[in-house]
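# Residue-level structural notes
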Amino acid sequence: MNRLIDLSTAILAKNDDLAEALRRDLLAGGTVAVNLLSSPGSGKTALLELLLARALARDVSVAALTGDVATENDARRLARSGAPVRQVVTGGLCHLEADLIRDHLTGWLPADTRLLFIENVGNLVCPASYDLGDSVRVVLASVTEGEDKPVKYPAAYHWADVVVMTKVDLAQACDFDESAFLEAVHAIKPSLEVIRTSAKTGEGIDELLTRVIAAAGEGSVVPAGVGATGPC
Amino acid sequence: MHELSIAYAAVRTIDDLVGGQPVVAVRLRVGVLAGVVPDSLQFGWDVATAGTPLAGSVLTIDRVPLPSTCLDCGHRAVTEHPPPLSCSACGGRALPTAPGRELEIASVEIQDRPEEGEPQ
């Protein structure tokens, strides 16, 4: 005889539990983690270079973890800002997981860090399933990717607290229809805030930083316990 | 394509929960906005379960429908397709009214160990 057992358990329960504990520990230490998600080449690293430099200029202690399948190129780039930066090389994994974040922070994250940026692996699908102990979730979309990214990748936009348009200096050259993009964003999640940025001209960087610092002041914009199976 | 990672996570979680007992069937629930493709998960199941007490188990994946409400006429519906959603009653814009991110182990069927003294 076989027995049927009702489990009703999240598949990623272990990751969710680790992430929840990490979020609690970070917030208790005054650190708010910001998870940056986008497709490859949308400008996460260029944006982060400016965010780190501007945060330091405002005397906000900031640090960054940057995830890639291979190379330490991004960490080298970002370290030029003067902020503590550490590369997470996933060795083939298409996303970051909470235990990877915990392992890379332990013994490394300066105790006074107020903002911790986590640059996820460039991928709009897989990373959204994994809670990293973050409190602010940002999706980037470059104008070169077209207006319909939100409707092509609804789960990522549902997951986000803030959407950042990048490379807006190229909008005209790409015939980017901003109103169509905004409509696509709000067709997925009407409450999503969209911030226009350009790492080339510096447009919107301070606005985004202010938004993230405000979230840090509030402690969190993501309700505790939000993981792959939690509420939006 | 992270379905293999999801499959490995499911195998580890189930194996822990049932204490290493042999599992013959698994039923998962996957939401429309979970970002997981059931066919790919099914495809990776044999690889993820190989050499574990779940080897050879039959995987069933239930897609959890997404409820929505039309912003124009208030019509409520459910769908198995991702947003954007259009209202089936008036063609207006509908929005999901649930997270749709379910990624759960619903149940498992385990092979009972024979009672002590029971003929094998």
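In this numbering scheme, every chain counts its residues from 1 along its sequence in written order. Going through the entries in the order they are written, you letter the chains from A and number the ligands from 1. Residues qualify for local features only when their pLDDT is at least 70, as the model is predicted, and side-chain atom pairs are given and counted only at 80 or more; totals for whole chains, interfaces and linings, by contrast, use all residues.

Below, the discussion takes up the overall build of chain B. Looking only at helices and strands, chain B has 2 helices and 7 strands in total. Put simply, chain B runs from its N terminus to its C terminus through helices and strands in the order α-β-α-β-β-β-β-β-β. Relative to its length of 120 residues, chain B is extended, with a C-alpha radius of gyration of 19 Å against a globular reference of 14 Å. Counting every position in chain B, which comprises 120 residues, the buried fraction comes to 37%. A separation threshold of at least 6 residues defines the contact pool for chain B, and within that pool the share at least 24 residues apart is 68%. Counting from the N terminus, the helices are the DSSP runs of H or I reaching at least four residues and the strands are the DSSP runs of E reaching at least two. To get the radius of gyration, use the C-alpha atoms; to get the globule rule, take the number of residues to the power 0.38 and multiply by 2.2 Å. The burial label depends on the number of other C-beta atoms within 10 Å of a residue's C-beta. Counts of 20 or more mean buried, 12 or fewer mean exposed, and intermediate counts mean partly exposed, with C-beta atoms placed from the backbone. For every residue pair, C-beta atoms are placed from the backbone, and the pair is scored as a contact if these atoms sit within 7 Å.

Another point: the sheet that holds strand E6 (residues 136-142) of chain A. Residue and element names in this part refer to chain A. Strands are labelled as partners when DSSP assigns at least two bridges between them. Across the sheet, which stays open at both edges, the 7 strands sit in the order E4-E3-E5-E2-E6-E7-E8 with parallel pairing between neighbours. This sheet does not close on itself; its edge strands, each paired only once, are strand E4 (85-89) and strand E8 (193-196). Recorded for the sheet is a direction-independent mean angle of 20° between the axes of neighbouring strands. Relative to E6, strand E2 (residues 32-37) is paired through 4 bridges, and the arrangement is parallel. When the bridges of E6 are listed, leucine 37 appears paired with valine 139. Contacts from helix H2 (residues 44-57) reach E2, strand E3 (62-68), strand E5 (115-119), E6 and strand E7 (162-166) within the one sheet, and its direction differs from that of E5 by about 170°. In this analysis, axes come from line fits to C-alpha atoms, helices being fitted only over the stretch in contact, and the angle between any two N-to-C directions falls in the range 0 to 180 degrees.

Before going further, it helps to examine unusual backbone geometry. Residue and element names in this part refer to chain A. Here lysine 167, not a glycine, exhibits a phi torsion of approximately 60°, which is positive. Checked against the element boundaries, lysine 167 lands in the loop between E7 and helix H7 (178-188). A positive phi angle, near 55°, is found at aspartate 175, a position not held by glycine. Following the sequence through the fold, aspartate 175 ends up in the loop between E7 and H7. Residue classification places aspartate 175 among the exposed residues on the basis of 9 C-beta atoms within 10 Å.

Residues Phe181(A), Ala184(A), Val185(A), Ala187(A) and Ile188(A) constitute the buried set of H7(A). Projected down its long axis, H7(A) carries its buried residues within an arc of 160°, all on one side. Structurally, H7(A) contributes buried residues whose contacts are with helix H5 (149-152), helix H6 (154-159), E7 and E8 of chain A together with strand E6 (93-96) of chain B. Arc definition: it is the arc formed by the directions from the helix axis to the C-beta atoms.

Each side of the interface is counted separately: chain A has 31 residues, and chain B has 32 residues. Among the secondary structure elements, those contributing two or more residues to the side of chain A that touches chain B are strand E1 (2-10), helix H1 (13-28), H6 and H7 of chain A. If one sorts the elements of the side of chain A that touches chain B by residue count, E1(A) sits on top with 9 residues. Lys, Arg, Asp and Glu make up the charged group, whereas Ala, Val, Leu, Ile, Met, Phe, Trp, Tyr, Cys and Pro make up the nonpolar group; the residues left over, Gly among them, are polar. Partitioned by chemical class, the residues of the side of chain A that touches chain B number 21 nonpolar, 7 polar and 3 charged. Pairing analysis gives 7 bridges linking E1(A) to strand E7 (residues 103-111) of chain B, with the strands arranged antiparallel. The residue of E7(B) that forms the bridge with Asp6(A) is Ser107(B).

Between H1(A) and helix H4 (residues 98-105) of chain A, the shortest axis-to-axis distance is 8 Å and the interhelical angle comes to 35°. Contacts between H1(A) and H4(A) involve Asn15(A), Leu18(A), Ala19(A) and Leu22(A) from the first element and Ala98(A), Asp99(A), Ile101(A) and Arg102(A) from the second.

Here the focus is the packing of helix H1 (residues 3-17) of chain B against helix H2 (residues 38-49) of chain B. All names here are of chain B. Close contact between H1 and H2 brings their axes to 8 Å; oriented N to C, the two are set at 50°. Viewed along their axes, H1 and H2 adopt a mutual orientation that is oblique. Here H1 runs over H2; the crossing is right-handed. Every residue of H2 that contacts H1 at Glu3, Leu4, Ile6, Ala7, Tyr8 and Val11 is listed here: Ser40, Leu41, Gly44, Trp45, Val47, Ala48 and Thr49. Considered class by class, the residues forming the contact of H1 with H2 number 9 nonpolar, 3 polar and 1 charged. For this classification, under 35 degrees means roughly parallel, over 145 means roughly antiparallel, 65 to 115 means roughly perpendicular, and everything else is oblique. By the definition used in this description, the sense in which the near helix is turned from the far one sets the handedness, with an anticlockwise turn below a right angle giving left-handed and a clockwise turn giving right-handed.

All names here are of chain A. Structurally, serine 61 can be placed in the loop between H2 and E3. Considered as a pair, serine 61 and alanine 83 are 22 residues apart in the sequence and their alpha carbons are 8.0 Å apart. Residue contacts for serine 61: discarding those within four places in its chain leaves Pro110, Asp112, Thr113 and Arg114.

What follows concerns the environment of Gln87(A). Residues and elements named next belong to chain A. The topology assignment puts glutamine 87 in strand E4. A sequence separation of 18 residues divides glutamine 87 from valine 69, and the C-alpha atoms of the two residues are 10 Å apart. Residue contacts for glutamine 87: discarding those within four places in its chain leaves Thr66, Asp68, Glu72, Asp74 and Ala75.

A few words on the sheet that holds strand E3 (residues 66-70) of chain B. Residue and element names in this part refer to chain B. The strand order across the open sheet built from 4 strands is E4-E3-E6-E5, with neighbouring strands paired in antiparallel fashion. Each edge of the open sheet carries a strand with a single partner, namely strand E4 (76-79) and strand E5 (85-86). As paired strands, E3 and E4 are joined by 4 bridges and run antiparallel to one another. When the bridges of E4 are listed, serine 68 appears paired with alanine 77.

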